[in-house]
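If you want the building blocks of each chain, they are given just below.
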Amino acid sequence: PSPQPPVPDFAALRLLEAPEAIDVECAADGAPRALAWRGRRITVLRAVGPERLSGDWWRDGYRRDYWRCAPADGAVAGELLLYQDPRGGWHLQGWYD
């Protein structure tokens, strides 16, 4: 058999021009289990997170919980990058490929 090419240990982050609002179904622990994006339902095989990013509470007080989600059905290549903003719901920011 021919040797396989090495698998890179990095992934490129592809950000959308602007995050897109999505609908997310969550498990009891709050982890995403499925999402609806651009008319498609995507089942989540694995969700890693949340990773919280937040701003200065005395200025704007933004807070986002980010999740890296692996799609179960191969509908999207790579891992999706989602975030939940308590003031604005769920958004898809981009994906790693």
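About the cut-offs
- Residues numbered from 1 in each chain as written.
- Predicted model: local features only at pLDDT ≥ 70, side-chain atom pairs only at ≥ 80, totals over all residues.
- Heavy atoms only, no water.
- Helix = DSSP H or I, 4+ residues; strand = E, 2+ residues; numbered from the N terminus.
- Contact = heavy atoms within 4.5 Å.
- Areas by Shrake-Rupley, 256 points an atom, 1.4 Å probe, with all protein chains shown as cover.
- Core = buried A, V, L, I, M, F, W, Y, C linked by side-chain atoms within 4.5 Å.
- Buried < 20%, exposed > 50% of the residue type's maximum accessible area, 1.4 Å probe, protein only.
- Phe/Tyr/Trp six-rings, centres within 6.5 Å; stacked < 30°, edge-to-face > 60°.
- Salt bridge = Lys/Arg side-chain N within 4 Å of Asp/Glu carboxyl O.
- Polar contact = N/O pair within 3.5 Å; in protein donor to acceptor, adjacent residues only side chain to side chain.

## Focus: the overall build of the protein
- When you go through the protein residue by residue, the secondary structure sums to 0 helices and 7 strands.
- Starting at the N terminus, the α and β elements of the protein follow one another as β-β-β-β-β-β-β.
- For the protein, the proportion of contacts with a sequence separation of at least 24, taken over those separated by at least 6, is 39%.
- Surface accessibility of the protein: about 6700 Å² in total, with carbon and sulfur atoms responsible for 52%.

## What to know about the nonpolar core
- By size, the foremost hydrophobic cluster in this structure holds 15 residues, and its most contacted members are Ile 22, Leu 35, Trp 37, Leu 80, Leu 82 and Leu 92.
- Looking at this core, the elements with two or more residues in it are strand 3 (32-37), strand 4 (40-54), strand 5 (63-71), strand 6 (79-85) and strand 7 (89-96).

## Focus on the packing of aromatic side chains
- All chains considered together, the criterion is met by 2 aromatic pairs.
- Consider the rings of Trp 37 and Trp 95, whose centres lie 6.2 Å apart with planes at 50°: the pair is tilted. Of this pair, Trp 37 sits in strand 3 while Trp 95 sits in strand 7, placing them 58 residues apart in sequence.
- Judged by its relative accessible area of 7%, Trp 37 falls in the buried class.

## Comments concerning the pattern of salt bridges
- In this structure the tally under the stated criterion is 7 salt bridges.
- A salt bridge links Arg 52 to Asp 65; the shortest N-O distance between them is 2.7 Å. With Arg 52 in strand 4 and Asp 65 in strand 5, the pair connects residues that are 13 residues apart, well separated along the chain.
- According to the relative accessible area criterion, Asp 65 is buried, its value standing at 13%.
- One salt bridge connects Arg 68 with Glu 79, and the closest N-O pair in it is separated by 2.7 Å. Here Arg 68 is found in strand 5, whereas its partner Glu 79 is found in strand 6, with 11 residues between them in sequence.
- On the basis of relative accessibility, which here comes to 33%, the residue Arg 68 falls in the partly exposed class.
- Three or more residues are tied together by salt bridges with common partners; here these are Arg 46, Arg 68 and Glu 79.

## With respect to the side chain of Asp 85
- As for its position among the elements, Asp 85 is in strand 6.
- Asp 85 sits in the buried class, given a relative accessible area of 13%.
- One polar contact links the side chain of Asp 85 to the main-chain amide nitrogen of Arg 87, over a distance of 2.8 Å.
- Ignoring any residue separated from it by four or fewer positions in sequence, one finds Asp 85 in contact with Arg 63 and Arg 64.

## Overview of unusual backbone geometry
- In this chain, Gly 49 is followed by Pro 50 through a cis amide linkage whose omega measures 0°.
- Checked against the element boundaries, Pro 50 lands in strand 4.
- In this model, Arg 38 sits at a positive phi of 50°, which is unusual for a non-glycine residue.
- In this structure, Arg 38 sits in the loop between strand 3 and strand 4.
- Residue classification places Arg 38 among the exposed residues on the basis of a relative accessible area of 58%.

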